[in-house]
Amino acid sequence: MLVVATLGSVLAMSPGGPAAFAQAVDVPVVRFDAASEPDEVAPIVDDSRFGAVRSRFVTVDVDALTVGLSAPDVTIELFHEVVVPFGSSGVWSAGEGGSTWSGTTPDAVATLSFVADGVHGAISVGDATYSIVPASGSTHLVFEEGRILPNETEAEPLPPEFVNDAPSAAAPDVVDLSPEAAADGATPVVRVLTVYDEFSRDLFGGDAQAVAWLAATIDEVNAAYARSGANLVMESASIEPVAYRGIGASANTELN
């Protein structure tokens, strides 16, 4: 019933199967023990499960997972045939609600945020995206995303309407829009005030869960900044509820 690191030789495969990618690795493997489905979960967990290609409930021991991710060579098993090696690429950083681990290889990108309600993970492997989200207590849902999401490991082509093949008389001046470093050389910080409405609170399963999910999102953004070498950090000014329930219309209508 724990997340364990077991030394042994495993076959690491991409979601495409052995033909797509396979290599023998003899390193500790972070594995998640199967757990029973909780009697009750937040609507967002149900939505994630039923919109997934596949899913399973597992038990996450935060202390054991922390030890496993701190090993000099890390491999994570998401499903029996999806065993992802991250080698020594893992980096720990301070997050909004706790700590964040991020690992990057040419074939995979992972961010695991440790916040108040558990562990939130996003892992891209090739053209597949996997997530780990808290369900109830130490029970978490691991699933392969069924929706089409941006994938950090593959370049996305521009839509046709944004492609202009017509010759230009002169190339326009290139404007550098990257944030300037502070006078003392410190990394620029963007402070964000986040609010959530009553519908979002119900979706996440309560105020504490909503704050935890939103804090984990900021951690994932900062991990992406770090991976890309962006000289920028996002920081939460506050995460607050608002006494408002949307009508299910477009964002423009809701904001008006």
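Everything below is about the structure shown above.
Residues numbered from 1 in each chain as written. Predicted model: local features only at pLDDT ≥ 70, side-chain atom pairs only at ≥ 80, totals over all residues. Heavy atoms only, no water.

### Side note on the pattern of salt bridges
Taken as a whole, this structure holds five salt bridges when the rule is applied. Taking the shortest distance from any N to any O, the salt bridge between Glu81 and Arg54 comes out at 2.2 Å. Within this pair, whereas Glu81 is found in the loop between strand S5 (74–79) and strand S6 (82–87), its partner Arg54 is found in strand S4 (residues 52–59), the two being separated by 27 residues in sequence. The class of Glu81 is partly exposed, set by a relative accessible area of 35%. Taking the shortest distance from any N to any O, the salt bridge between Arg191 and Glu235 comes out at 2.2 Å. Here Glu235 lies in strand S14 (residues 233–241) and Arg191 lies in strand S13 (residues 189–196), a separation of 44 residues in the sequence. Looking at Arg191, the relative accessible area reads 52%, which means it is exposed. Taken together, the salt bridges that share partners define one network made up of Arg54, Glu81 and Glu144. (Salt bridge = Lys/Arg side-chain N within 4 Å of Asp/Glu carboxyl O. Helix = DSSP H or I, 4+ residues; strand = E, 2+ residues; numbered from the N terminus. Buried < 20%, exposed > 50% of the residue type's maximum accessible area, 1.4 Å probe, protein only.)

### Considerations on the nonpolar core
Leu65, Ile76, Leu78 and Leu112 are the most contacted members of the largest nonpolar core, which totals 25 residues. Of all the elements in the fold, those that place two or more residues in this core are helix H2 (62–69), S5, S6, strand S9 (108–115), strand S10 (118–125) and strand S11 (128–136). Not counting chain neighbours up to four residues away, the residues in contact with Leu78 comprise Arg56, Val84, Ile123, Tyr130, Ile132 and Val142. Counting residues in hydrophobic clusters, the runner-up holds 18 residues, among them Val41, Ala42, Leu203 and Ile239. (Core = buried A, V, L, I, M, F, W, Y, C linked by side-chain atoms within 4.5 Å. Contact = heavy atoms within 4.5 Å.)

### So, the sheet that holds S11
Each strand in a sheet pairs with another by means of backbone hydrogen bonds, the pair being arranged parallel or else antiparallel. Across the sheet, eight strands lie side by side as S3-S4-S12-S11-S10-S9-S8-S7; this open sheet has antiparallel pairing. Each edge of the open sheet carries a strand with a single partner, namely strand S3 (33–34) and strand S7 (91–94). Against the sheet, helix H1 (residues 43–50) makes contact with S4, S11 and strand S12 (139–145), and its axis sits at roughly 130 degrees relative to S4, the strand it touches most. Sitting on the sheet, helix H4 (residues 207–228) is in contact with strand S8 (99–104), S9, S10 and S11, with an inclination near 140 degrees to S9. (Pairing = 2+ DSSP bridges. Axes fitted to C-alpha atoms, helices over the stretch in contact; angles between N-to-C directions.)

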